Amino acid sequence: MISKQEALNIALNYLGESYKGMIEATDTLPRTSAAIYNVDNLKDCWVIQVPKLSHEPQTIGMGRIICISMKTGKIIYDGSDGGE
């Protein structure tokens, strides 16, 4: 099982160091259903809400999240937070 800090490190390696200090891992999804994210059991993943950086192009919707498996450390979802 990976720790919250390990999940943050995985996310930073994936996203890039420009997100350092801007992200945190939680075990809850924002305002939506776990079914949207292909997560069968939410207690088995870390959720990272990804803020939009000023140099990124505009996107549709509220934001982006990444779900990381607590068991494997693999990213199992990267996309919309469901706020369209």
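Parameters at a glance
- Residues numbered from 1 in each chain as written.
- Predicted model: local features only at pLDDT ≥ 70, side-chain atom pairs only at ≥ 80, totals over all residues.
- Heavy atoms only, no water.
- Helix = DSSP H or I, 4+ residues; strand = E, 2+ residues; numbered from the N terminus.
- Contact = heavy atoms within 4.5 Å.
- Areas by Shrake-Rupley, 256 points an atom, 1.4 Å probe, with all protein chains shown as cover.
- Pairing = 2+ DSSP bridges.
- Axes fitted to C-alpha atoms, helices over the stretch in contact; angles between N-to-C directions.
- Buried < 20%, exposed > 50% of the residue type's maximum accessible area, 1.4 Å probe, protein only.
- Expected span 1.5 Å × (residues − 1).

### Observations concerning the overall build of the protein
Broken down by element type, the protein carries one helix and four strands. Helices (α) and strands (β) of the protein occur, in sequence order from the N terminus, as α-β-β-β-β. The contacts of the protein with a sequence gap of at least 6 include a subset with a gap of at least 24, amounting to 47%. A total of about 5,300 Å² of accessible surface is found on the protein, and carbon and sulfur atoms cover 52% of it.

### A closer look at the sheet that holds strand 4 (residues 75-80)
If you walk across this open sheet you meet the four strands as 1-2-3-4, and the pairing is antiparallel. Whereas interior strands pair on both sides, the edge strands pair on one side only; in this sheet they are strand 1 (25-26) and strand 4. Each of strand 1, strand 2 (45-50), strand 3 (64-69) and strand 4 touches helix 1 (residues 4-15); the most contacted strand, strand 3, lies at about 125° to it.

### Observations concerning the pairing of strand 3
Most of strand 3 is tucked away, with five of its six residues classed as buried. Direction of pairing for strand 3 relative to strand 4: antiparallel, over a ladder of five bridges. What sits directly across from Cys67, in strand 4, is Tyr77. What sits between the antiparallel neighbours strand 3 and strand 4 is a turn of five residues, in which Gly73 has the positive phi angle 80°.

### Things to note about the pairing of strand 2
With five of six residues buried, strand 2 is to be regarded as a mostly interior element. Two strands pair when backbone bridges link them, and strand 1 and strand 2 are joined in this way by two bridges, in the antiparallel orientation. Pairing of Thr26 across the sheet is with Val47, part of strand 2. Relative to strand 3, strand 2 runs antiparallel, the two being bridged by six bridges. Note on strand 3: the bridge partner recorded for Val50 is Arg64.

### Overview of helix 1
Between the first and last C-alpha of helix 1 there are 16 Å, a value that for 12 residues agrees with the 16 Å anticipated at 1.5 Å per step. Just downstream of helix 1 lies Gly16, where phi reads positive at about 115°.

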